[in-house]
Amino acid sequence: MFSSQSEKTPEHRVQKPVSKTETARIPRGMTQTLTQGVTHAPSRDVAPTEPQRAPVVRSSGRRQTPGSAKSAGPYLQRRGRIYYFRKRLSGCLANRVKRAFICFSLRTHLVSEAMIRVGRVLAALEIAETQMTQLAEITTLTPAQANSVLMELLRSELADLLQRYDSGALFAETDACRIEEAREALKASARARDFSALTPRLKDAARIAGVDLPNDLPTGLALQGATLKRQLLDIKTASLELEDPRHLARDVVARFSDKPVDKFVAPTILLEDAIAETYRLYPSKDMKGNIDAIAKLARYHFGNCAITSITKTRQEEFFTWMTRLPKVHGKKHGRNRFEKTGKLLDKNAEIAEADADDALIIAEIRAKDLSVPEKRELLAERLTPRLARLTIRRNRDGLSRIFKAAVELGAEVPPMVGYKDIDRIVKASNVSDDALHMRVTQPKIRLPWSAERLSAFLKSPIFTDHSSPHRRWKRGQVITRDGTYWIPLFWLAVGTRDEEIVLAPRRALVLRNGVYGLLLHSKTEDGERFLPIPQVLLDLGFIDWVRALPDDHGPLLFPDAAKRSETGKASENFSRSMGRMLSRLGLKDFDEDFYALRKTFLSMLSQHGVEDGLRQAIAGHHRHAIINKHYTAHRTVEMKAAVDRADFGLTISHSPRHGFPIIRDCNLGGAIQVGVEVILGADESVECVTFRPDSQSSPILSVDLKTLPEAPKERKAIYRDLVRSARRIVEQYDIRLPKSPIKRRAFEGFLASA
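Counting of residues starts from 1 at the beginning of each chain's written sequence and follows it residue by residue. With pLDDT at 70 or above as the cut-off, local features in this predicted model cover only qualifying residues; side-chain atom pairs require 80 or more to be listed or tallied, and sums for whole chains, interfaces and linings still use all residues. Each side-chain value is worked out from all heavy atoms of the structure, with water and hydrogens disregarded.

Comments concerning the sheet that holds strand 17 (residues 734-736)
Then, in step 1: The strand order across the open sheet built from four strands is 16-15-14-17, with neighbouring strands paired in mixed fashion. Of all strands in the sheet, those with a lone pairing partner are strand 16 (701-704) and strand 17, marking the two edges. Strand-to-strand twist in this sheet, taken as the mean axis angle between neighbours without regard to direction, amounts to 20°.
Then, in step 2: By the bridge criterion, three bridges tie strand 14 (residues 673-680) to strand 17 in an arrangement that is parallel. Each bridged residue has a counterpart across the sheet, and for glycine 675 the counterpart in strand 17 is arginine 736.
Then, in step 3: Should any heavy atoms of two residues lie within 4.5 Å, those residues are counted as being in contact. An axis is simply a line fitted to the C-alpha atoms; with a helix, the fit covers only the stretch in contact. Between two such axes, the angle follows the N-to-C directions and lies from 0 to 180 degrees. Only runs of H or I of at least four residues qualify as helices and only runs of E of at least two qualify as strands under DSSP, and these elements are numbered from the N terminus. Against the sheet, helix 31 (residues 712-732) contacts strand 15 (686-693), strand 16 and strand 17, and its axis sits at roughly 145° relative to strand 16. Strands qualify as paired when DSSP identifies two bridges or more between them.

Looking at the packing of helix 15 (residues 312-322) against helix 18 (residues 389-408)
Then, in step 1: One can describe the packing of helix 15 onto helix 18 by two numbers: an axis separation of 11 Å at closest approach and a directional angle of 145°. In this structure, helix 15 meets helix 18 at a crossing whose hand is right-handed. The residues of helix 18 that touch helix 15, namely those facing Gln315, Phe318, Phe319 and Met322, are Ile392, Asn395, Arg396, Leu399 and Phe403.
Then, in step 2: The residue classification treats Ala, Val, Leu, Ile, Met, Phe, Trp, Tyr, Cys and Pro as nonpolar and Asp, Glu, Lys and Arg as charged. All others, Gly included, are polar. Residue composition of the contact of helix 15 with helix 18, by class: six nonpolar, two polar and one charged. Note: crossing handedness is left-handed where the near helix turns anticlockwise from the far helix by less than a right angle, and right-handed where it turns clockwise.

Comments concerning the packing of aromatic side chains
Then, in step 1: Working definition: rings of Phe, Tyr and Trp (its six-membered ring) pair if their centres are within 6.5 Å, and the pair is stacked with planes under 30 degrees apart, edge-to-face with planes over 60 apart, and tilted otherwise. Counted according to the given criterion, the structure contains 18 aromatic pairs.
Then, in step 2: With centroids separated by 5.8 Å and ring planes inclined at 15°, the aromatic side chains of tyrosine 300 and tryptophan 321 adopt a geometry described as stacked. Residue tyrosine 300 is located in helix 14 (residues 285-302), and its partner tryptophan 321 is located in helix 15; the two are separated by 21 residues in the primary sequence.
Then, in step 3: Classification of residues uses two cut-offs on accessible area relative to the type maximum, computed with a 1.4 Å probe and protein chains only: under 20% is buried, over 50% is exposed, and between them is partly exposed. Tryptophan 321 gets classed as buried once you look at its relative accessible area, which sits at 10%.

See below:
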């Protein structure tokens, strides 16, 4: 795979000019991006179908066909029809693999595919060089690191000695002759610089102390470890003469700590001990998920080290590493209800894969003839999303809980990083001299559903006619009324939370003050809250459906939704399955998910003038606990009237074929929806704006400010007319603004500029 010899360039060769067609095969801009550190000048004789020519005889007598080892671009050579990658290695990697160049087949004859693979290899090499540099940096331990390793070695060895002395096992298992033999063996190994017998103990001590030892153990550390072992052998010898080992060990312990010997040898609180105590202190199901998340990351990054070794510096390194984690890290394990094993994912490998993909995307967009702000907006849409600042803050809280649990176990924990430190770390991760460097996150904005999407969803096969319970996105002759049918309607028509309605029991249906409703378990401390059933669900026959449920239906209203997963929260798994359903229906939107239906419902109540207290009581918000209890206990009729103000424009009638009422039509979204496409200029202002209806491909209006005339007076008049035309379109149609805040702000500024 690797080539240790550099390829010799032919002294002369028959060259063929590149045609325009062949040039177009190379992705635009890839050569520009991948030319840093080039070891071969790119040749222009890239002809995939070059005709055979007579062999050329070099001065060395070696026969070579022209084009047999041609360069096709940065780091590329073509041998026959196949492209090879070849690059000079950096110093650290070259020393590691004992060769100056790396050369191997890319296994493709296509230039475009070869360039893509080159980008991935370069990203992997960059990561390998970084890791090798980090390993080189820890070859020489700092005095503090060496001291912590030796202190842990002394603590573990001395604790074992004292335990055996107190139990009497020391006198039964040890004699002076064996101690003397061990002492002589230790001296011999020190003279020969052979510390193989001591290395495992030092490695264990370094792991607990949170220190990364190089593969080649530093001689100075090994000699100090041997000295400690000799001193412990002296203490053991004196202990056989009935001297107190605690008194004998005081001077040795004093070199590392001012604690008494008994406190010095106390068991070290490890990370796993603190995590187990954290689960005990926070036993709720909601907290278990938070603890699981930080525990997995801490185990991977720190290992099972002493909790006292996780200093503030190491915490900052931990959260800096966390800023590079993809948002979906750990999700591609392949485990599901059919496959229980899956695959083990490596966090650093996931980071490396995301970095390699991002490098290719940056290279592609860098070559485009666009302004820097527009390139950054394109990158924001395509780069791999990393953990958001709020997620990292939440993980910081999780680590703080682990530290508090360690304190409960008696550990003296280091100071914890604060929120300001987290914000500084996140901000530093987005700083670079490269104008296109950016750390992309993908926080959910959760916008209310548009009228068009609501109409399309309510008229979808889920609620009208589908082919089968397992193919609800396909038109058919069946309507299946179960959790998949009713729960989205509850989300939309009354704004329930996922977990409240998915796990609602059959006995939750009650009649209070003449109003049908559900007594749901509240997320807050209020216990249960009354939620009126809206008229649209009554018209669809929800009460009759509940009454007709068979005895073997079970205790839950929607057992089909609750049993979707054996582990995790049932509401989350049901929401994911409904998200896949939206994809099948062509209605998937990142910000307008099913949870946003709750926001859509509350927005409708606000638009129809429902007072804030009543609206918050229906939503079940914690900060209005007293108001919630008052409304839900006594004002059920008023709550029912408020819920019914949300109008979804549904036409519902009885279906003789199905035997129950069904949705016939939905008149929401009557206005034509027009999407706004914005291209930014160099100063983040509008350079080009296009108004394109969703129902047709041709735009209503397209404004390109770069084409305006140079004459100031004429330019100003045309610009004013274009802005006025844009404002008329905004007033006439239902406008869908860009999701990018920068583009949205630029467009709004454009509308107000004339």
